[in-house]
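Close look at the chain arrangement
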Amino acid sequence: VTSLAKLLEAALFASGRPLPTTELAALEPDASPAELAMALDELRGHYDSEGHGVELVELGGGWQILTRPEYTETIERAQLAARPARLSGAALETLAIVAYRQPIGRAEIEEIRGVAVGGMLRTLLERGLIDVVGRGEGLGRPLLYGTTAIFLEQFALRHLGELPRADELAVALRPQQSAT
Amino acid sequence: VTATLASPESGTTPFVVELDHFSGPLDLLLTLIREEQVEIADIPIARICEQFLLRIHSLGLGEAAEYLEMAAGLLRIKVQMLLPRRGDEEEWDDPRAELVRRLLEYQQMREVVDILQHRGDERRDRFARGYLPQPAAAPQAPLTLSLPALLAAVDRVLRLAREPALHEVIARALDVEGAIATILSVLSLRSHAQWRDIVAADAAPWQVLSALLALLELARRNELRVAQPHPFANVEIMRDVASEAA
């Protein structure tokens, strides 16, 4: 393992959050972007091929060392760590709308979902998945919401562009299949 | 099925209904359309409307405003469909068009929900470092504890609580006014200065603090500007040309 890969490993281990490439690059100003990418590749390959309980994952706009899923049950049973509570379908619906239509106000979300979402927005705000990103033009200058870095991290997304584009979604343009 | 009275500030609809299976009237409608195996673009509105009313009645949703609103909307479309059509087929505005648009939009969003669900589950199965464990719950009474273990615990607590480390704080007057005078005199000679120009290398802590406060005070009064091009670089102190000109 090269010394650059070791340095990156140490930094990723010390940090509790995903580290973007720019922050990793600042650790070793002499390293070129290509060298950095190679070192990250090397570290990931090292974890994958040498039988480690952790893996190197790119998500939430950065790199992070995560435990492998096969150990989750055991770790959780031993109460060493706990998975965050799953979001309800209604919460995910609200989140999906915010992710695609951001910045978006409450009224527009309610228009799409057909239900009141005030309480749901508060839950998502408390969990740090969305944030107020501005105010709309309309009456009363409604609050506008957008997704956060925590959202990307918790849904294993590198960036919003990893969500399918609206026109790539299968059902939007074709009629519902009759046999399901 | 959970129904909660939301707090007053939460929004316009105080009564929130959330079902285990349906996240709203559009979800229920979409489910019915699937069950009836009909096309969204050509909904047999009378049949679906009837099914919808039956279902919200059996689920006890007859008082949930959002479901009632949808039911009313379906009934209105049903009536509009019964009205005789005037003129050509082409001029006829399908009263279902808006509902179809909303259903397609909703269905598209549900597809994203599936993606988020899948990715979220994958991420949930991996732990990151930096997890802060919840404070341990107190053990249940009665405590089963051996005497040596208890004494060891008492010992640990006592050792932690031993001699508090005392530190005597002596108030030393800072000379901010003096430091301000120093900085201004340096800046009267040259437009740029650095931290080491205003504080001697062997300065005592009170002198460093005085200089720092003086610097911040002068920056606040817009009498100079302070900049640091990148972390750990030398701090540059500049005469504020703008305020001088004014």
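What you are looking at is a predicted structure, and each value in this text was computed from that prediction instead of being measured.

With that out of the way, let us pick up helix α3 (residues 65–82) of chain B. The end-to-end C-alpha distance of α3 of chain B, which contains 18 residues, comes to 26 Å, matching closely the 26 Å that a straight helix rising 1.5 Å per residue would cover. Buried residues along α3 of chain B sit in contact with α1 (25–35), α2 (45–58) and α4 (97–124) of chain B.

Turning our attention to a nonpolar patch on the surface. Side chains of L143, L145, L147, L150, L151, V154 and L158 of chain B sit close together on the surface and give an oily, nonpolar patch of about 710 Å² of accessible area. The topology assignment puts L147 of chain B in helix α5 (residues 147–160).

A few words on the sheet that holds strand β4 (residues 130–135) of chain A. All names here are of chain A. On the basis of which strands lie adjacent, the open sheet formed by three strands has the order β3-β5-β4 and antiparallel pairing. Taken across any chain shown, the strands that pair with only one partner, and hence form the sheet edges, are β3 (104–105) and β4. Along the sheet, helix α5 (residues 89–101) makes contact with β3, β4 and β5 (143–147), crossing β5 at roughly 95°.

On to the pattern of salt bridges. Overall, the coordinates contain 27 salt bridges over all chains when judged by the stated rule. R55 of chain B is the partner of E35 of chain B in a salt bridge, and the nearest nitrogen-oxygen pair spans 2.7 Å. Placement of E35 of chain B in helix α1 and of R55 of chain B in helix α2 is noted, with a sequence separation of 20 residues between them. When the shortest N-O distance is used, the salt bridge between D42 of chain B and R96 of chain B registers 3.0 Å. Taken together, the positions of D42 of chain B in the loop between α1 and α2 and R96 of chain B in the loop between α3 and α4 put the pair 54 residues apart, joining distant regions of the chain. We classify D42 of chain B as partly exposed; its relative accessible area is 49%. Here the salt bridges do not stand alone but share partners, grouping R101 and E111 of chain A together with E98, R101 and E105 of chain B into one network.

On to the packing of aromatic side chains. Residue and element names in this part refer to chain A. Applying the stated criterion across every chain yields a total of one aromatic pair over all chains. For the ring pair F151 and F155, a centre distance of 5.2 Å and an interplane angle of 40° mean the geometry is tilted. Accessibility expressed as a relative area gives 0% for F151, which makes it buried. With a relative accessible area of 5%, F155 lands in the buried category.

All names here are of chain A. By the element assignment, A25 lies in helix α2 (residues 21–27). A25 sits in the partly exposed class, given a relative accessible area of 31%. Along the sequence, A25 and A37 sit 12 residues apart, while their C-alpha atoms lie 9.7 Å from each other.

On the side of chain A, 59 residues touch chain B, which itself brings 44 residues to the contact. Approximately 4,600 Å² of surface area, both sides summed, lies buried where chain B meets chain A, with 55% of it carried by carbon and sulfur atoms. Linking chain B with chain A are eight salt bridges. On inspection of chain B and its partner chain A, the count reaches 17 residue pairs in polar contact (both at pLDDT 80 or more).

Bringing the confidence of the model for chain A into the picture now. In the predicted model, chain A carries a mean pLDDT of 85, and 93% of its residues have values of at least 70. Counted against residues more than four places away or in other chains, residues 172–180 of chain A, with its pLDDT under 50, gives 10 contacts.

The subject of this paragraph is the sheet that holds strand β4 (residues 224–227) of chain B. Residues and elements named next belong to chain B. Spatial strand order, β3-β5-β4: three strands in an open sheet with antiparallel pairing. With one partner strand each, in any of the chains shown, β3 (192–194) and β4 form the two edges of the open sheet. The average undirected angle you get between the axes of adjacent strands in this sheet is 25°. Inspection of the sheet shows β3 paired to strand β5 (residues 236–239) by three bridges, in the antiparallel sense. Looking across to β5, one finds that A193 is bridged to I237. Helix α6 (residues 176–189) rests against β3, β4 and β5 of the sheet, and its axis sits at about 70° to β5. Across the sheet, helix α8 (residues 205–220) lies against β4 and β5, angled at about 120° from β4, the strand it touches most.

Rules used in this analysis
Residues numbered from 1 in each chain as written. Chains lettered and ligands numbered in written order. Predicted model: local features only at pLDDT ≥ 70, side-chain atom pairs only at ≥ 80, totals over all residues. Heavy atoms only, no water. Helix = DSSP H or I, 4+ residues; strand = E, 2+ residues; numbered from the N terminus. Expected span 1.5 Å × (residues − 1). Contact = heavy atoms within 4.5 Å. Patch = residues over 30% accessible without salt bridge, like charges linked within 9 Å, V, L, I, M, F, W, Y side chains within 5 Å. Areas by Shrake-Rupley, 256 points an atom, 1.4 Å probe, with all protein chains shown as cover. Salt bridge = Lys/Arg side-chain N within 4 Å of Asp/Glu carboxyl O. Pairing = 2+ DSSP bridges. Axes fitted to C-alpha atoms, helices over the stretch in contact; angles between N-to-C directions. Buried < 20%, exposed > 50% of the residue type's maximum accessible area, 1.4 Å probe, protein only. Phe/Tyr/Trp six-rings, centres within 6.5 Å; stacked < 30°, edge-to-face > 60°. Buried area = accessible area lost by both parts, 1.4 Å probe. Polar contact = N/O pair within 3.5 Å; in protein donor to acceptor, adjacent residues only side chain to side chain. pLDDT = per-residue confidence, 0-100.

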